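The chain contents come next:
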Amino acid sequence: MFGIGEKYIARLMIKNKIYSSDGQTFESLFSSIMTKYNPNFELVKAYGNLGDKKNDGFDKTTGEYYQVYAPENIEKGSTINDAIAKLENDFQGLYEHWNTLCQIKKFNFVLNDKYKGAPPQVHSKLLELSQKYPHVEFNIITANKLEDTFMNLCEDSIIEIVGCFASPSSQLDYSALTDVINYLMNSKEKHERTEELQVANFEEKISFNKLNQEIACRLRAASYQVGNLETFFKRNSEFAKNEIQKRITECYLAASMSIDKAEDNYSDLVFVKMLDDICPNETEAVKNAALVLASYYFELCDIFEKPNKEDSINDPS
């Protein structure tokens with residue numbers, strides 16, 4: 001049974017494979033994952049001048065088709081144009097050759113974006129195609145989604161794809177939490193939040209939990225860096241996001257259970273203990289990155305108590 005350390009190493013290994021795979025190498029990696037993930041997935045092997053008739057694989061039981069594109073650098077202007085042209089031409093070719101044989105109900109454009117995100121032009125082209133072919137569901141599968149599929153495989157399949165690996169030493173920190181803290185510390189860009197901070201709810205929760213002003217100020221300041229955290233989540237797998245959320249809530253619960261609720265500054269003590277457990281004996285820079293995580297999950301109410309709305313309404317003050 002894989003522990004968290006083994007899962008993290010497997011994740012690192014598949015990410016390295018994705019980063020280093022272009023063209024046919026990536027298509028082979030995608031195929032090896034899909035054949036193990038879906039027993040109904042069928043590869044379509046290119047044959048002479050006929051090629052694969054624009055079909056890199058499909059599931060005839062559901063009418064779901066896949067077309068793979070893995071350029072060396074998706075950010076180049078010429079590559080983006082090639083991606084758009086391939087997307088449109090391949091689907092039209094697929095439709096002409098396959099729709100009468102097995103109706104196309106879902107089309108997946110598999111793009112090795114190497115965790116950079118698909119260009120907006122690709123999303124626009126998918127929307128155009130969905131308007132032209134309203135009976136077909138169009139989707140894009142990027143690196144982070146392929147990683148999620150891989151992480152949902154059984155242990156034997158994971159090892160078969162990435163190879164055997166040694167169990168990590170208990171003295172090493174193998175966790176997605178390390179990844180996100182390093183990202184927050186080293187990010188040179190400033191990413192805007194996708195959603196506005198709910199200031200009223202944020203302040204109400206600070207007051208409800210009786211957090212002192214020093215901690216409140218640090219949480220507020222950290223909340224304005226949550227855009228960088230959201231960018232990390234978009235570029236990485238659901239596995240990573242779930243592991244981070246699990247680790248933060250575990251640290252909070254452990255801290256809340258280790259401190260007597262009768263203490264005058266109970267919430268403050270819990271906060272400091274939680275932050276120390278997230279990144280023990282670390283620098284101020286690391287602690288500040290951890291604060292961004294704490295602020296994010298504080299606002300989502302994964303940590304600390306959520307204000308009781310009925311109490312707030314009935315409170316004459």
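Refer to the preceding data block for the structure.
Residues numbered from 1 in each chain as written. Predicted model: local features only at pLDDT ≥ 70, side-chain atom pairs only at ≥ 80, totals over all residues. Heavy atoms only, no water.

Undergrad: What am I meant to see in the packing of aromatic side chains here?
TA: To describe a pair of aromatic rings, one takes the distance between the centres and the angle between the planes. Following the criterion strictly, the structure yields 22 aromatic pairs and no others. One aromatic cluster in this structure is built from Phe91, Tyr95, Phe107, Tyr133 and Phe138. When the ring centre of Tyr115 is taken as reference, the NZ or CZ atom of Lys15 above it lies at 4.7 Å. We note Lys205 situated over the ring of Phe298; from NZ or CZ to the ring centre the distance is 4.5 Å. (Phe/Tyr/Trp six-rings, centres within 6.5 Å; stacked < 30°, edge-to-face > 60°. Lys NZ or Arg CZ within 6 Å of the ring centre and 35° of its normal.)

Undergrad: Explain the nonpolar core to me, please; I cannot follow it from the model alone.
TA: Proteins that are soluble and globular tend to have nonpolar side chains buried together. Among the nonpolar cores identified, the biggest contains 43 residues, and Ile244, Phe271, Met274 and Leu293 are the most heavily contacted of them. Secondary-structure elements contributing two or more residues to this core are helix 7 (176-186), helix 8 (199-208), helix 9 (213-223), helix 10 (226-235), helix 11 (238-258), helix 12 (266-278) and helix 13 (284-299). Residue contributions to this core peak at 10 residues, all from helix 13. Ile244 has contacts with Ala176, Leu177, Val180, Phe232, Phe233, Leu293 and Tyr297, leaving out every residue within four places of it along the chain. (Core = buried A, V, L, I, M, F, W, Y, C linked by side-chain atoms within 4.5 Å. Buried < 20%, exposed > 50% of the residue type's maximum accessible area, 1.4 Å probe, protein only. Helix = DSSP H or I, 4+ residues; strand = E, 2+ residues; numbered from the N terminus. Contact = heavy atoms within 4.5 Å.)

Undergrad: I tried to follow helix 12 on my own but got confused; where do I start?
TA: At 3.6 residues per turn, the α-helix brings residues three or four places apart onto the same side. If you check helix 12, its first and last C-alpha atoms are 18 Å apart, about what 13 residues at 1.5 Å a residue would give, namely 18 Å. Every buried residue belonging to helix 12 is among Tyr266, Ser267, Asp268, Val270, Phe271, Met274, Leu275 and Ile278, and all of these are buried. The secondary structure elements touched by the buried residues of helix 12 are helix 7, helix 9, helix 11 and helix 13. (Expected span 1.5 Å × (residues − 1).)

Undergrad: So what exactly am I meant to see when it comes to the state of the cysteines here?
TA: Should the sulfur atoms of two cysteines be covalently bonded, the bond is a disulfide. Tallying each qualifying case throughout the model produces 0 disulfides. Distance from the sulfur of Cys279, which forms no disulfide, to the nearest cysteine sulfur (Cys251) is 8.8 Å. Take Cys279: its relative accessible area is 4%, and that puts it in the buried class. (Disulfide = S-S within 2.5 Å.)

Undergrad: Whenever I open this one, the packing of helix 12 against helix 13 confuses me. Can you help?
TA: Relative placement of two packed helices is described by the angle separating their axes and the distance separating the axes. Between helix 12 and helix 13, whose axes approach to 10 Å, the crossing angle comes to 115 degrees. For the crossing formed where helix 12 meets helix 13, the hand is right-handed. Residues Phe271, Met274, Leu275, Asp276 and Ile278 of helix 12 form the contact with helix 13, whose own contacting residues are Lys287, Ala290, Leu291 and Ala294. (Axes fitted to C-alpha atoms, helices over the stretch in contact; angles between N-to-C directions. Left-handed = near helix turned anticlockwise from the far one by under 90°.)

Undergrad: Please clarify how helix 11 should be interpreted in this entry.
TA: Between the first and last C-alpha of helix 11 there are 30 Å, a value that for 21 residues agrees with the 30 Å anticipated at 1.5 Å per step. Among the residues of helix 11, Phe239, Ala240, Glu243, Ile244, Ile248, Thr249, Cys251, Tyr252, Ala255 and Ser256 are the ones counted as buried.

Undergrad: Can you help me understand the pattern of salt bridges in this one?
TA: All told, the structure shown has 14 salt bridges when counted by the stated rule. Lys36 is the salt-bridge partner of Glu160, the closest N and O atoms lying 3.0 Å from each other. Here Lys36 lies in helix 2 (residues 23-37) and Glu160 lies in helix 6 (residues 155-162), a separation of 124 residues in the sequence. Among the residues examined, Glu160 registers a relative accessible area of 58% and is labelled exposed. One salt bridge connects Lys106 with Glu64, and the closest N-O pair in it is separated by 3.7 Å. A residue pair is termed long-range when its members are at least 10 positions apart, and Lys106 in strand 4 (residues 106-111) and Glu64 in strand 3 (residues 64-69) qualify at 42 residues. A relative accessible area of 25% means that Lys106 is categorised as partly exposed. For Glu64, a relative accessible area of 14% corresponds to the buried category. Via salt bridges that share partners, Arg11, Glu147 and Asp179 belong to a single interconnected network. (Salt bridge = Lys/Arg side-chain N within 4 Å of Asp/Glu carboxyl O.)

Undergrad: For this particular structure, what's the right way to read the environment of Ser32?
TA: Within the secondary structure layout, Ser32 lies in helix 2. When the C-alpha atoms of Ser32 and Phe150 are compared, they prove to be 9.7 Å apart, with 118 residues separating the residues in sequence. Engagement of the side chain of Ser32 in a polar contact is seen with the backbone oxygen of Leu29, the distance being 2.7 Å. (Polar contact = N/O pair within 3.5 Å; in protein donor to acceptor, adjacent residues only side chain to side chain.)

Undergrad: What exactly am I supposed to notice about the pairing of strand 5 (residues 137-141) here?
TA: For a regular strand, side chains alternate in direction, first toward one face of the sheet and then toward the other. With 5 bridges joining them, strand 4 and strand 5 adopt parallel strand pairing. Bridging from a neighbouring strand, Phe107 pairs with Phe138 of strand 5. This β-α-β element, strand 4 to helix 4 (residues 120-132) to strand 5, shows right-handed connectivity. (Pairing = 2+ DSSP bridges. Right-handed = clockwise from strand over helix to strand, strands pointing away.)

Undergrad: Mind showing me how you'd approach the packing of helix 7 against helix 10 here?
TA: Put simply, helix 7 and helix 10 touch, their axes get as near as 10 Å, and they point 130 degrees apart. With respect to helix 10, the axis of helix 7 lies oblique. Of the two elements, helix 7 crosses helix 10, and the hand of that crossing is right-handed. Residues Asp179, Val180, Tyr183 and Leu184 of helix 7 pack against Asn228, Leu229, Thr231, Phe232 and Arg235 of helix 10. Residues belonging to the contact of helix 7 with helix 10 are distributed by class as follows: 5 nonpolar, 2 polar and 2 charged. (Parallel < 35°, antiparallel > 145°, perpendicular 65-115°, else oblique. Nonpolar A, V, L, I, M, F, W, Y, C, P; charged D, E, K, R; others polar.)

Note that every value here comes from positions in space, so none of it alone points to a role or purpose.
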